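Inside the fold
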Amino acid sequence: MTNHGDDALSSRTGAPDGDDRLSEDRSLLQQRLAVRELIDTEVSYLHVLQLCASDIRSRLQQLPQGDLDVLFSNIDDIIKVNSRLLHDLQETASREEEQVQLIGNAFLEFQEELEQVYKVYCASYEQALLLVETYRKEPELQREIQGIIEAVLPQAGPSGLSFLLVIPLQRITKYPLLLQKILENTLPDASAYAVLQRATSALQDVVTNINEYKRRKEVASKYTKVEPLSLRERLARINTHTLSKKTTRLSQLLKQEAGLVPRTEDKEFDDLEERFHWVSLCVTELKSNVAAYLDNLEAFLRFRPQDYNLEIPEGPVVQYCYLARDLQLQAFPEFKQQLEAQVWQPLCSLAKALAGPQNLIKKRLDKLLDFERVEEKLLEVGSVTYEEEAARHTYQALNSLLVAELPQFNQLAMRWLGQILCTFVTLQRDLAKQVLQRAEDSLAQLPHHHLSEPAFRKLVEDALGQTSHQLRSFQENFEKVLPPPTTQPLLPGAERQVQALLSRYPGKLYQVTSNISGAGTLDLTLPRGHIVALLQNKDTKGNSSRWLVDTGGHRGYVPAGKLEVYHVVPSEEEERPHRDSQHQTPEPISAPVPSVPAVTQVVAMYPFMARSSHEVSLQAGQRVTVLEAQDKKGNPEWSLVEVNGQRGYVPSSFLARAPSPAPWGWSLPS
């Protein structure tokens, strides 16, 4: 009886053990099936991605490259990461007892990489869908795309591109589910349980972070677009709501400036913003300098001294002309083309890329003011409206996005800027090397090519110093020919007007030093050199800068600063009886006006601006042909000359014979 009872007890206690073993076996089987599902689906998923990247993308050549970049985004990076992940998952099959734990460790190892690559893809997903919608509006293009996809992936069905685009999104969200399924079929006391639990939680965090990043990107995309709106379009967008928001922000800002409410301090963002503005300033300055450089280069290319006839016999000069023409027609234009393509255009693209972050930083300040106001209300009242809560989230999204991505942007922008500068330096160096190579034959013909660089530099400095001394001597001799005139000569035939004014207003004559354009009703318009008589040295309001004058025919106001006292120079006929009547005390004789022989070559000492069709303009140092050394009335103060094919009168005192010229040009000492 006792033995029978023991057997019965043994059978009752052994039944649960058998059920436990059966449950464990079932869980182990489900676990292996879940592992197999994870690996098999990963193989299939990676195969589809490779078909998209290789076959489908290469056949969609009818689409612009920009569209392909948006549609397939960073699919190549996803393939690289998932290929390595698949390799590690397949390697676990050889260690069956530790396989589950190794799978958990693999996902923990790839957590950051998966988040980074899928963030980028998911952020561009909405833009890719917009492109798909535009293709559907073109039936012929849609049929071509659908035919290509069905030929490569028949399982895509009528969804076509939409089916392909959503696959990476579905895969990243499925990883936590697959790991959870393996975890559910793992015993809690197993060594792999804790690792699987951390891996599942890590992949759930990855999905959460990607969704949050996508939401931030969608918020930021509203503000990164810089629309070139006219003033009328901006005014049309103003309504009661926008006025209310801007008024509230201004009020919040004024409170902060007055110290009534605290200002939110964010040292991390402030440092990033300062760094960004520094990068922006560097790009702006470099762009301005390169633009000026290109303008100067364009002006340099328009100047072709080698095309002028220098009237110099054969020799090094002719060789120089050949070299200069070769450089002007080939080397320099090629350099300019490369400079525009490799420096200017990338620099413009970089400046354009700065516009988005700049706009985001500005919008962040607006949203920060909204956020601070809502936070104050939340502390005072304890609740906020749905719109105010949305404003809080908008600021948090913008701030988080800028703090996360502005360091990377600053780093990339600096690297981009550095590459542009290196390219610019390289192009300059290559140009110098190319010019020296082409000039090698010409350099050998120079008389001092055998000298070392320091010796040649000393030789050039001495020669330039000697030539500078010659130029100074020439200038001094040139200035001694005639003193500069103190007044602008009169117009031909103006003597009668001067005599009439002198008889009515003795000692009150003034001469106009520059052209006057009257702006008011009583203001006069007078040419330079005109003689007027002073009536009153102020206007009716007592303003001493406007004088009342008489021109001999009209009266009006002129600026006092454009008048100077006119000194009457008596003619020789008037001076002779005056000198004869005063023998006791001889008067100093004023310097006579130099006579210039007719039909001769002279040089203009001073610039002269023609004031009528009877006159001709001169430039200082210009060679002039004198036709008559007086005007039609015999006045020697005016000479009829010919300049550049034009004839007209100029003041005789502005002309002088040039000193005997030295032999043409200058040469280096031997």
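Up top you'll find the structure we're talking about.
Residues numbered from 1 in each chain as written. Predicted model: local features only at pLDDT ≥ 70, side-chain atom pairs only at ≥ 80, totals over all residues. Heavy atoms only, no water.

1. Digging into the overall build of the protein chain
Scanning the protein chain from N- to C-terminus turns up 19 helices and 10 strands. Taking all 670 residues of the protein chain together, 34% fall into the buried category. Intrachain contacts of the protein chain at a sequence separation of at least 6 include 67% that bridge at least 24 residues. For the protein chain, the computed accessible surface area is about 41,400 Å², with 54% contributed by carbon and sulfur atoms. (Helix = DSSP H or I, 4+ residues; strand = E, 2+ residues; numbered from the N terminus. Buried < 20%, exposed > 50% of the residue type's maximum accessible area, 1.4 Å probe, protein only. Contact = heavy atoms within 4.5 Å. Areas by Shrake-Rupley, 256 points an atom, 1.4 Å probe, with all protein chains shown as cover.)

2. Regarding the sheet that holds strand β7 (residues 623-628)
Strand pairing in a sheet relies on backbone hydrogen bonds, with the paired strands running either antiparallel or parallel. Across the sheet, five strands lie side by side as β9-β8-β7-β6-β10; this open sheet has antiparallel pairing. Among the strands making up the open sheet, the edge pair consists of β9 (646-651) and β10 (655-656). (Pairing = 2+ DSSP bridges.)

3. Considerations on the packing of aromatic side chains
As enumerated under the stated definition, the model contains 10 aromatic pairs in all. One aromatic cluster in this structure is built from Tyr606, Phe608, Trp638 and Phe654. In this structure, Arg57 packs its charged tip against the face of Phe72, placed 5.8 Å from the ring centre. The residue whose ring lies beneath Arg364 is Phe269, and the NZ or CZ to ring-centre distance is 3.6 Å. (Phe/Tyr/Trp six-rings, centres within 6.5 Å; stacked < 30°, edge-to-face > 60°. Lys NZ or Arg CZ within 6 Å of the ring centre and 35° of its normal.)

4. What to know about the sheet that holds strand β5 (residues 563-565)
One open sheet accounts for five strands, arranged β4-β3-β2-β1-β5; its pairing is antiparallel. In this open sheet, the two strands that pair with only one neighbour each are β4 (555-559) and β5. Neighbour-to-neighbour, the strand axes of this sheet turn through a mean angle of 50 degrees, independent of strand direction. The sheet contact formed by strand β2 (residues 531-536) and strand β3 (residues 546-550) spans three bridges and is antiparallel. When the sheet's bridge partners are listed, Ala533 is paired in β3 with Asp550. (Axes fitted to C-alpha atoms, helices over the stretch in contact; angles between N-to-C directions.)

5. Notes on the environment of Leu169
Here Leu169 lies in helix α8 (residues 161-184). Along the sequence, Leu169 and Tyr118 sit 51 residues apart, while their C-alpha atoms lie 7.8 Å from each other. Residues in contact with Leu169, not counting those within four places in the same chain, are Tyr121, Cys122 and Tyr125.

Function cannot be inferred from these measures alone, as they are strictly geometric.
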